[in-house]
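Here are the chains, one letter per residue:
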Amino acid sequence: MFDYDFMRTAFAAAGVAAVLAGTVGFFLVLRGQTFAGHALSHVGFTGATGAVLFGLSPLAGLVGFTLVAGIAMGLFGEKLAERDVAIGMMLSLALGLGLLFLHFYTSAATQATALLFGNVLGVDSSALLTLLLMAAASLVALAFIGRPLVFASLQSELAEARGVPLRFVAAAFLAIVAVATAECAQIVGVLLVFTLMVGPAAAAQNFSRGLAGGVALSAGLALAEAWGGLTLAFYTDWPTSFWITALSGLVYFASLVARRLAS
Amino acid sequence: MSALRFDAVTIRLGGRDILSAASFVIEDGEFIGMLGANGAGKTTLMRAALGLTPVASGAIRVLDRPATRGNAAVGYMPQNRGRAQGQRLTGYDVVASAAIGARFGLVRLDKAMRREIDWALDHVDARALARRSIGELSGGERQRLLLSQALLGRPRLLLLDEPLISLDPAYQKGVVDIARRLRDELNIAILFSAHELNPLVNAIDRVLYLGGGAAVIGPVDEVVTGPVLSRLYGAEIEVVRVKERFFVMAGDVDVEREAHRHEHGHGHGHGHAQDG
Ligand SMILES: Nc1ncnc2c1ncn2[C@@H]1O[C@H](COP(=O)(O)OP(=O)(O)OP(=O)(O)O)[C@@H](O)[C@H]1O
Ligand SMILES: [Mg+2]
């Protein structure tokens, strides 16, 4: 299957997005912020449809919108209950707006389907380069805030007393999540971002007790699921996103069983 | 040198004075038990000493310096222990994340830092516990492990917020013994908040009682008396003493036990993140 140019590009794009999603997702699960990640991807849908409506590239709209929303969510602060309501409100507001954009943007339902469920085979080499650069920048930023991020995630009050700027860390992290979400949406679509961001990360935390090992495992699982999904899609002709969600679900439920057995 | 000094400190939160012109001094190497009803301001007082809650007037001096955020000379164990306790990570990873968590960039856990972590774990007998998953530890074991984090950076003052909450009497004694040993071996001043005096009474040097915005410090015999506590609680309080045990009664209700029972219902206390 590597004889085809589009397959090679698809493997590279899926690999880049999966490694980023698996890594970022680990911290998302650690912080208990999976809902924020889910909401961000839907906000991205609005950004993408809006961008197309105004003649911009969907990827630019996706990244721009999720970035702004991610930083705003981070600034809401640490109190979970208030934060989740605020995030939920932002989510429905964004989806409502997305609906309005779709209403005006009648030209092609296929474009919308690609946004919602992904179209990894449609990624061209210039888009691949963009994905690669964004992923590299995100991973560098994540490495920079990594230590305070873990500290603030596990023990926010102690971290605050030790001088960790909680709001800055929260906002910077969600900005990184926003980029990861936008990348994932290119592969599996905005509706299924959870499958690459949260599935492998949650499974990794069931399989492994370590921090460094957990991050590596999460990235590795995401990569394996993305490439596995592409391969299966190539031979069955079923949608790639379906196969990735199937593998992700399978690995996650296997991890639950493994955890049960281990304890 | 004094470890902690409050000079006529007023702290106002949500339009109410939690402390009004409260003054007291904790000397170096003193073990102080801090008592007071729910909402008396124990946590608020510690957060103010950490530079997290601003004072409306007065001055706080920590080890003869103004209170500032991120002071490595002050060790802290918050009442709200955070998400760490439900995790599958090893205790060691949690403690290590605190040890290097205040620094941005690629920070490696080097030899010196590992030695420091081991030193802190040894002081609370948690070296073996640290190898286990934090979510699998019992409440008392977890408390000890988290307590080790307050020792990182070799502080001169420890602020321990309700370390006895939801522990059995035997475990409570263990934690109090550890605190006393830290005071003796490392000569650290300790401010230890609790709902009940009795587990602490034989270990502490003096007691700091909060109530009605006021703070009274002194030997247990002088502070834990009917007249002083009646003033702090703003109600008629009687102190009944049976050998080494104190019972603080309002009418026929044991005030401290009541407070303790409520705390169990509340689980792990309220959050203190500074939102909006
Ligand atoms: N950020 C805040 N804004 C407004 N009021 C606050 C804030 N934080 C605390 N308070 C109030 O200040 C009072 C003192 O709270 P604090 O948490 O210090 O009490 P405490 O003595 O630690 O109580 P507990 O025994 O329940 O832990 C309470 O009435 C509380 O509602
Ligand atoms: Mg408190």
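First, a word on scope: everything that follows refers to the structure included in this document.

Conventions and cut-offs
Residues numbered from 1 in each chain as written. Chains lettered and ligands numbered in written order. Predicted model: local features only at pLDDT ≥ 70, side-chain atom pairs only at ≥ 80, totals over all residues. Heavy atoms only, no water. Donors = N, O, S within 2.8 Å, 3.2 Å for Na, K, Ca; no water. Helix = DSSP H or I, 4+ residues; strand = E, 2+ residues; numbered from the N terminus. Buried < 20%, exposed > 50% of the residue type's maximum accessible area, 1.4 Å probe, protein only. Phe/Tyr/Trp six-rings, centres within 6.5 Å; stacked < 30°, edge-to-face > 60°. Lys NZ or Arg CZ within 6 Å of the ring centre and 35° of its normal. Salt bridge = Lys/Arg side-chain N within 4 Å of Asp/Glu carboxyl O. Pairing = 2+ DSSP bridges. Right-handed = clockwise from strand over helix to strand, strands pointing away. Expected span 1.5 Å × (residues − 1). Axes fitted to C-alpha atoms, helices over the stretch in contact; angles between N-to-C directions. Near = heavy atom within 4 Å. Polar contact = N/O pair within 3.5 Å; in protein donor to acceptor, adjacent residues only side chain to side chain. Areas by Shrake-Rupley, 256 points an atom, 1.4 Å probe, with all protein chains shown as cover. Contact = heavy atoms within 4.5 Å. Parallel < 35°, antiparallel > 145°, perpendicular 65-115°, else oblique. Left-handed = near helix turned anticlockwise from the far one by under 90°. Nonpolar A, V, L, I, M, F, W, Y, C, P; charged D, E, K, R; others polar. Buried area = accessible area lost by both parts, 1.4 Å probe.

This next bit is on the coordination of the magnesium ion (ligand 2). Residue and element names in this part refer to chain B. For the magnesium ion (ligand 2), the full set of protein donor atoms is T43 (OG1) and Q79 (OE1), at a range of 1.9 to 2.0 Å. Taken together, the positions of T43 in helix 1 (residues 42–49) and Q79 in the loop between strand 6 (74–77) and helix 2 (91–99) put the pair 36 residues apart, joining distant regions of the chain. The pair T43 / Q79 is uniform in exposure class, with both members buried.

Let us look at the packing of aromatic side chains. By the definition in use, this model includes 15 aromatic pairs over all chains. Here F234 of chain A and Y235 of chain A contribute two aromatic rings whose centre-to-centre distance is 5.1 Å and whose plane-to-plane angle is 90 degrees, an arrangement assigned as edge-to-face. One aromatic cluster is present, built from ring pairs that chain together Y4, F6, F234 and Y235 of chain A. For R154 of chain B, the ring lying beneath its charged end belongs to W119 of chain B, and the centroid distance is 3.7 Å.

A word on the pattern of salt bridges. Residues and elements named next belong to chain B. Taken as a whole and assessed by the stated rule, the structure comprises 17 salt bridges over all chains. Here E30 and R206 are joined by a salt bridge, their closest N and O atoms 2.6 Å apart. Linking E30 in the loop between strand 2 (16–27) and strand 3 (31–35) with R206 in strand 9 (residues 206–211), this pair joins segments that are 176 residues apart in sequence. For E30, a relative accessible area of 12% corresponds to the buried category. The salt bridge involving D125 is made with R181; its shortest N-O contact spans 3.7 Å. Of this pair, D125 sits in the loop between helix 3 (111–123) and helix 4 (139–149) while R181 sits in helix 5 (residues 169–186); the two residues are 56 residues apart in sequence, bridging distant segments of the chain. A single network of salt bridges, built from pairs that share partners, joins D118, D122 and R127.

All names here are of chain B. The alternating pattern of strand 7 (residues 157–160) places L157 and L159 and L158 and L160 on opposite faces, both of which are buried. Judged from the four bridges that link them, strand 6 and strand 7 form a sheet pairing that is parallel. Its bridge partner lying in strand 7, M77 is registered against L160. Looking at chain direction, strand 7 and strand 8 (residues 189–193) are connected through four bridges and run parallel. Its bridge partner being in strand 8, L160 is matched across the sheet by F192. Crossover handedness for the path strand 7 to helix 5 to strand 8: right-handed.

Residue and element names in this part refer to chain B. Taken in spatial order, the three strands line up as 11-12-13 in an open sheet, and their pairing is antiparallel. With partners counted over all chains shown, the strands left at the sheet margins are strand 11 (238–242) and strand 13 (253–254), one partner each. Bridge analysis of strand 12 (residues 245–250) against strand 13 gives two bridges, and the strand direction is antiparallel. By the bridge assignment for strand 13, M249 is matched with D254.

Bringing helix 8 (residues 166–188) of chain A into the picture now. Residue and element names in this part refer to chain A. Taking 1.5 Å per residue as the helical rise, helix 8 with its 23 residues ought to reach 33 Å, and the 32 Å between its terminal C-alpha atoms agrees with that figure. Of all 23 residues making up helix 8, 19 are buried, and the element is well covered by its neighbours. G189 lies just past helix 8 and shows a positive phi near 90 degrees.

Here we take up the sheet that holds strand 9 of chain B. Within a beta sheet, neighbouring strands are joined by backbone hydrogen bonds and run either parallel or antiparallel to one another. All names here are of chain B. Ordered by their spatial adjacency, six strands build an open sheet running 6-7-8-3-9-10, and the pairing between neighbours is mixed. Every interior strand has two partners, whereas the edge strands, strand 6 and strand 10 (214–218), have only one. Averaged over all adjacent pairs, the angle separating strand axes in this sheet is 15 degrees, with direction ignored. Pairing analysis gives four bridges linking strand 3 to strand 9, with the strands arranged parallel. Counted as the bridge partner of I32 is R206 from strand 9.

Residue and element names in this part refer to chain B. Taken together, 18 residues sit near ligand 1, with R16, G39, K42, T43 and T44 positioned nearest. A distance of 3.3 Å separates an oxygen atom of ligand 1 from a polar atom in the backbone of A40. The separation between an oxygen atom of ligand 1 and a polar main-chain atom of K42 is 2.8 Å. Considered on its own, ligand 1 offers 640 Å² of accessible surface; in the complex 73% of this is hidden by protein. Elements with a minimum of two residues in the shell around ligand 1: strand 2 and helix 1.

This part covers the environment of A212 of chain A. Residue and element names in this part refer to chain A. Of note, A212 is situated in helix 11 (residues 212–236). Classification of A212 as exposed rests on a relative accessible area of 64%. As a C-alpha pair, A212 and V193 span 19 residues in sequence and 23 Å in three-dimensional space.

Quick look at the side chain of S241 of chain A now. All names here are of chain A. Position of S241 among the secondary structure elements: in helix 12 (residues 240–262). By relative accessible area, S241 is classed as buried at 7%. Apart from residues no more than four positions distant in its own chain, S241 is found in contact with F117, G118, I187, V188 and L192.

Glancing now at the packing of helix 2 of chain B against helix 4 of chain B. Residue and element names in this part refer to chain B. Relative orientation of the contacting elements helix 2 and helix 4 amounts to 25 degrees, with a least axis distance of 9 Å. In terms of axis orientation, helix 2 runs roughly parallel to helix 4. Here the hand of the crossing between helix 2 and helix 4 comes out right-handed. Seen from helix 2, the contacting residues are G91, V94, V95 and A98; seen from helix 4, they are L145, S148 and Q149. Considered class by class, the residues forming the contact of helix 2 with helix 4 number four nonpolar, three polar and no charged.

The next point concerns the interface of chain B and chain A. Contacts between the two partners involve 45 residues from chain B and, on the opposite side, 37 residues from chain A. Of the roughly 3,400 Å² buried between chain B and chain A on both sides combined, carbon and sulfur atoms contribute 51%. Here chain B and chain A share two salt bridges between them. In this structure, R209 of chain A and E136 of chain B form a salt bridge, with 3.3 Å as the shortest nitrogen-oxygen distance. Listed by contribution, the elements that provide at least two residues to the side of chain B that touches chain A are strand 6, helix 2 and helix 4 of chain B. For the side of chain B that touches chain A, the element with the most residues is helix 2 of chain B, which contributes four residues.

Read these as layout, nothing more, since geometry by itself doesn't imply function.
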